[in-house]
Amino acid sequence: MSSNSEGLRALEEQRLGPVLRRREQVQPTTTDQRLLDTEGDSQWVHTDPWRVMRIQSEFVEGFGALAELPSAISVFGSARTRPGTPEYEVGVQLGRALVDAGFAVITGGGPGAMEAANKGAREAKGISVGLGIELPFEQGINQHVDIGVNFRYFFVRKTMFVKYAQGFVVLPGGLGTLDELFEALTLVQTRKVTRFPIVLFGSEYWRGLVDWLRGTVVAQGKASERDLLLFHVTDDVEEAVAMVTKETGR
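Residue positions within a chain follow its written sequence, with the count starting from 1. For this predicted model, a pLDDT threshold of at least 70 governs which residues receive local features, and a threshold of 80 or more governs which side-chain atom pairs are given and counted, while totals over whole chains, interfaces and linings are taken from all residues. The basis for the side-chain values is all heavy atoms of the structure; hydrogens and waters are excluded.

## Quick look at the pattern of salt bridges
- Within this document, salt bridges are pairs made up of a side-chain nitrogen of Lys or Arg and a carboxyl oxygen of Asp or Glu, the two lying within 4 Å of each other. Tallied over the full model, the rule gives 4 salt bridges.
- For the salt bridge of aspartate 179 with lysine 158, the shortest nitrogen-to-oxygen distance reads 2.8 Å. With a gap of 21 residues between them, aspartate 179 in helix α7 (residues 175–189) and lysine 158 in helix α6 (residues 154–163) connect regions that are remote in the sequence.
- Note that lysine 158 and glutamate 183 form a salt bridge whose closest N and O atoms lie 3.3 Å from each other. Here lysine 158, found in helix α6, pairs with glutamate 183, found in helix α7; they are 25 residues apart in sequence, far enough to count as distant.
- Here the salt bridges do not stand alone but share partners, grouping Lys158, Asp179 and Glu183 into one network. The helix and strand labels rest on DSSP assignments: H or I over at least four residues marks a helix, E over at least two residues marks a strand, and numbering proceeds from the N terminus.

Encoded structure:
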């Protein structure tokens, strides 16, 4: 093959690591050239490849911070739960009771029900963990957290909630709480995780959702009757702790 034909082929096909580019998608410079070129703008920090590195760094930071955590339970609930209300006090009691049962307590690190569970864990001299999330309306990590990690990406944070917990207790909450609840239910239903108890605390609050699941979702064949066994509903702190303790084999 002549040098001209080789040059033509080089222009028509380009391999950049695992990426193959052909025809109009061939780039005029190499990866090393772009790395070492000090000229040009800073838009590269906003590109998807660079974003992947940030995502990777979040996983590494999360794994590093939580790797030595003992058995833990993730507690979810509304950030809008006000201190001094019965719902807030239940969160404090729950956090305390989980520590007394030998668990660390993981929450989203924010105010409201999350703060309450962290407060109870701290008062019981247990390990109180908060996994925060970067939001347009900054909440910050509450003062009762001993180990706090703040994430940019929801899906990285969700991985930490499941990976380092042996179960979920879900207090009354809004869309974020429902998101975490159904994420966990889906993981258990599809057997991505096993031996993972999910407890809904507050029968009056959750009744409408449970009735809809049974009367509409299951009734129309969108889920099976046994899927309703993936979670438990209670109004008692001791029963909630007993449920997660029994199913985790502690």
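We are not done yet, so read on.
## A look at the environment of glutamate 123
- Summarising the element assignment, glutamate 123 is placed in helix α5 (residues 113–123).
- Each residue gets one of three labels from its accessible area relative to the maximum for its type: buried under 20%, exposed over 50%, partly exposed in between, using a 1.4 Å probe on protein chains only. We classify glutamate 123 as partly exposed; its relative accessible area is 42%.
- In the structure, glutamate 123 is positioned 31 residues away from valine 92 in sequence and 8.8 Å away in space, judged by C-alpha atoms.
- Among all residues touching glutamate 123, those that are not within four sequence positions of it are Val92 and Arg96. Residue contacts are defined here by distance: any two heavy atoms, one from each residue, within 4.5 Å place the two residues in contact.

## Considerations on the environment of isoleucine 141
- Here isoleucine 141 lies in the loop between β5 (128–133) and β6 (147–151).
- Residue classification places isoleucine 141 among the partly exposed positions, given a relative accessible area of 34%.
- On a C-alpha basis, the gap between isoleucine 141 and valine 129 in space is 9.7 Å, while along the polypeptide they are 12 residues apart.
- Those residues in contact with isoleucine 141, other than ones at most four positions away along the chain, are Gly109, Gly130, Gly132, Val149 and Asn150.

## Examining the sheet that holds strand β4 (residues 104–107)
- In this analysis, strands are considered paired if DSSP registers two or more bridges between them. Taking strand neighbours across the sheet as the criterion, the 7 strands line up as β6-β5-β4-β3-β7-β8-β9 in an open arrangement whose pairing is parallel. Where the open sheet ends on each side, the last strands, each with one partner, are β6 and β9 (232–234). On average, adjacent strands in this sheet sit at an angle of 20° to one another, irrespective of strand direction.
- Inspection of the sheet shows strand β3 (residues 72–76) paired to β4 by 3 bridges, in the parallel sense. Its bridge partner being in β4, isoleucine 73 is matched across the sheet by valine 105.
- Axis definition: a line fit to C-alpha positions, over the contact stretch in the case of helices; interaxial angles, taken between N-to-C directions, run 0 to 180 degrees. Those strands touched by helix α3 (residues 48–66) are β5 and β6, and its axis lies near 170° from that of β6.
- Along the sheet face, helix α8 (residues 203–218) touches β7 (168–170), β8 (198–201) and β9 and points at about 115° away from the line of β8.

## Some remarks on the packing of helix α4 (residues 86–100) against helix α9 (residues 237–247)
- At their nearest, the axes of α4 and α9 sit 10 Å apart, and the two run at 40° to each other. When the axis of α4 is compared with that of α9, the two are oblique. Every pair of crossing elements has a handedness; the one defined by α4 and α9 is right-handed. Contacts from Val90, Gln93, Leu94, Ala97 and Leu98 of α4 reach α9 at Val237, Ala240, Val241 and Val244.
- Class assignment for the residues of the contact of α4 with α9 results in 8 nonpolar, 1 polar and no charged. An angle counts as roughly parallel when it lies under 35 degrees, as roughly antiparallel when it exceeds 145, as roughly perpendicular when it falls between 65 and 115, and as oblique in every other case. Less than a right angle of anticlockwise turn of the near helix away from the far helix marks a crossing as left-handed, whereas a clockwise turn marks it as right-handed. Here the term charged refers only to Asp, Glu, Lys and Arg, the term nonpolar to Ala, Val, Leu, Ile, Met, Phe, Trp, Tyr, Cys and Pro, and the term polar to all other amino acids, Gly among them.

## Focus: unusual backbone geometry
- A positive phi angle, close to 65°, is found at lysine 125, a residue other than glycine.
- Structurally, the position occupied by lysine 125 is in the loop between α5 and β5.

## Some details on a negative patch on the surface
- Like charges are joined within 9 Å and nonpolar side chains (Val, Leu, Ile, Met, Phe, Trp, Tyr) within 5 Å, but only among residues with over 30% relative accessible area and no salt bridge; these make up the patches. Under the convention used here, a 1.4 Å probe and the Shrake-Rupley method define accessible areas, while residue burial counts only the protein chains that appear. The charge count treats Lys and Arg as positive and Asp and Glu as negative. His and the chain ends do not count. In plain terms, the charge of a residue is placed at NZ if it is Lys, CZ if Arg, CG if Asp and CD if Glu. A cluster of like negative charges, contributed by Asp235, Asp236, Glu238 and Glu239, occupies part of the molecular surface.
- Secondary-structure assignment places aspartate 235 in the loop between β9 and α9.

## Some details on the environment of lysine 125
- Take lysine 125: its relative accessible area is 76%, and that puts it in the exposed class.
- Separated by 26 residues in the primary sequence, lysine 125 and valine 99 place their C-alpha atoms 7.7 Å from one another.

## Re the nonpolar core
- Counting residues in each nonpolar core, the largest one holds 37 residues, and the members touching the most others are Ile106, Leu131, Phe168 and Ile198.
- Considering each element in turn, this core owes the most residues, 6 residues, to α8.
- With near-sequence residues (within four places) excluded, phenylalanine 168 lies in contact with Ile73, Ser74, Phe76, Phe161, Val162, Glu180, Ala184, Phe196, Pro197, Ile198, Val199 and Val244.
- For the purposes of this section, nonpolar cores are sets of buried Ala, Val, Leu, Ile, Met, Phe, Trp, Tyr and Cys residues that join through side-chain atoms within 4.5 Å. The next biggest cluster of nonpolar side chains, apart from the first, holds 20 residues, and it includes Leu94, Ala121, Val169 and Val199.

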